[in-house]
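# Geometric and topological summary
What follows is the residue order along each chain.
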Amino acid sequence: NDSGLPFPPDQIQFLRPSSYLIGVDIGSATLKVVGLRMAPKVSIHFYSIIELGQGHNDSYIVDAIQKTLNENKVTAKDAVLTFTDDSTVIRRLELPHVASDEIIDALKWQVKDMVHFDIEKGAIDFELLGEIQREDGAKFMQIIFTVLQKESLEKKIQILKAAGLNVVSVSMPPIGLASIIKI
């Protein structure tokens, strides 16, 4: 697993079948929690926005998640974490065409000067937007990518685990938007 994520990258995009999912977005000022019924069709069970205020700590967030789930009588445990923070770098770029198993290494080399931390301590995700061929015949891949500190991601995953949730997917909003753009 070269992506640096605590699980294989192919698990980011595809959720295992579940009848109910909990979406959690831990921001710097707000915590957003949504309950989604997945069957027979996707519907929102509840949506909650909690102001975090100054000086909040991890246990405050854990308690807020648990309280929200209890108030809404949620017993499901599968959760999707939406992730962004100050360490997150999101860019669109063109890379010379490389084999699919070489994209992560090519991105690491290309973005190492764009981040303020050791790229080897980062987690990278990307979405291939398309391929282009220039007039000279050179092929390039158009990619939107995000890179962030693994430590920061792992901290948020631990918060969800402490709240009793099982993180089945991590979504970075621009990567999700890239999927929509391709449609």
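Residues numbered from 1 in each chain as written. Predicted model: local features only at pLDDT ≥ 70, side-chain atom pairs only at ≥ 80, totals over all residues. Heavy atoms only, no water.

As a further point, take the environment of Asp63. If you trace the backbone, Asp63 turns up in helix α2 (residues 58–71). With a relative accessible area of 47%, Asp63 lands in the partly exposed category. Between the alpha carbons of Asp63 and Ile159 there is a distance of 9.8 Å; along the sequence they are 96 residues apart. (Helix = DSSP H or I, 4+ residues; strand = E, 2+ residues; numbered from the N terminus. Buried < 20%, exposed > 50% of the residue type's maximum accessible area, 1.4 Å probe, protein only.)

Right, let's get into a nonpolar patch on the surface. On the surface, a cluster of nonpolar side chains totalling about 340 Å² of accessible area is made up of Ile44, Tyr47 and Ile49. Along the chain, the position of Ile44 falls in strand β3 (residues 43–51). (Patch = residues over 30% accessible without salt bridge, like charges linked within 9 Å, V, L, I, M, F, W, Y side chains within 5 Å. Areas by Shrake-Rupley, 256 points an atom, 1.4 Å probe, with all protein chains shown as cover. Salt bridge = Lys/Arg side-chain N within 4 Å of Asp/Glu carboxyl O.)

The next thing to look at is the environment of Ala162. Its location among the elements puts Ala162 in helix α4 (residues 150–162). Residue classification places Ala162 among the partly exposed positions, given a relative accessible area of 47%. Along the chain, Ala162 and Ser59 lie 103 residues apart, while their C-alpha atoms are 8.6 Å from each other. With residues near it in sequence (within four places) discarded, Ala162 still touches Val62 and Gln66. (Contact = heavy atoms within 4.5 Å.)

The next subject is the sheet that holds β3. Strand order in the open sheet formed by five strands is β3-β2-β1-β4-β8, and the pairing between neighbours is mixed. Because the sheet does not close on itself, it has two edges, and the strands there are β3 and β8 (166–171). Each strand axis lies, on average, 20 degrees off the axis of its neighbour in the sheet, ignoring direction. Pairing of strand β4 (residues 78–82) with β8, which is carried by five bridges, proceeds in the parallel orientation. Residue pairing in the sheet places Leu81 in a bridge with Val170 of β8. (Pairing = 2+ DSSP bridges. Axes fitted to C-alpha atoms, helices over the stretch in contact; angles between N-to-C directions.)

The subject of this paragraph is the packing of α2 against α4. Their axes nearest at 9 Å, the elements α2 and α4 cross at an angle of 45 degrees. If you check the angle between α2 and α4, you find them oblique. By crossing handedness, the relation of α2 to α4 is classed as right-handed. Touching Asp58, Ile61, Val62, Ile65 and Gln66 of α2 are Lys155, Ile159, Leu160 and Ala162, all from α4. A breakdown of the residues in the contact of α2 with α4 according to their chemical character gives six nonpolar, one polar and two charged. (Parallel < 35°, antiparallel > 145°, perpendicular 65-115°, else oblique. Left-handed = near helix turned anticlockwise from the far one by under 90°. Nonpolar A, V, L, I, M, F, W, Y, C, P; charged D, E, K, R; others polar.)

This part covers the sheet that holds strand β7 (residues 139–149). Across the sheet, three strands lie side by side as β5-β7-β6; this open sheet has antiparallel pairing. Pairing within the sheet leaves two strands with one partner each, and these edge strands are β5 (89–96) and β6 (122–133). Along the sheet, successive strands turn relative to each other by an average axial angle of 20 degrees, direction set aside. Relative to β7, β6 is paired through 11 bridges, and the arrangement is antiparallel. Each residue of the ladder has a partner; that of Glu127, found in β7, is Ile144.

Any functional reading would require information beyond the geometric quantities listed.
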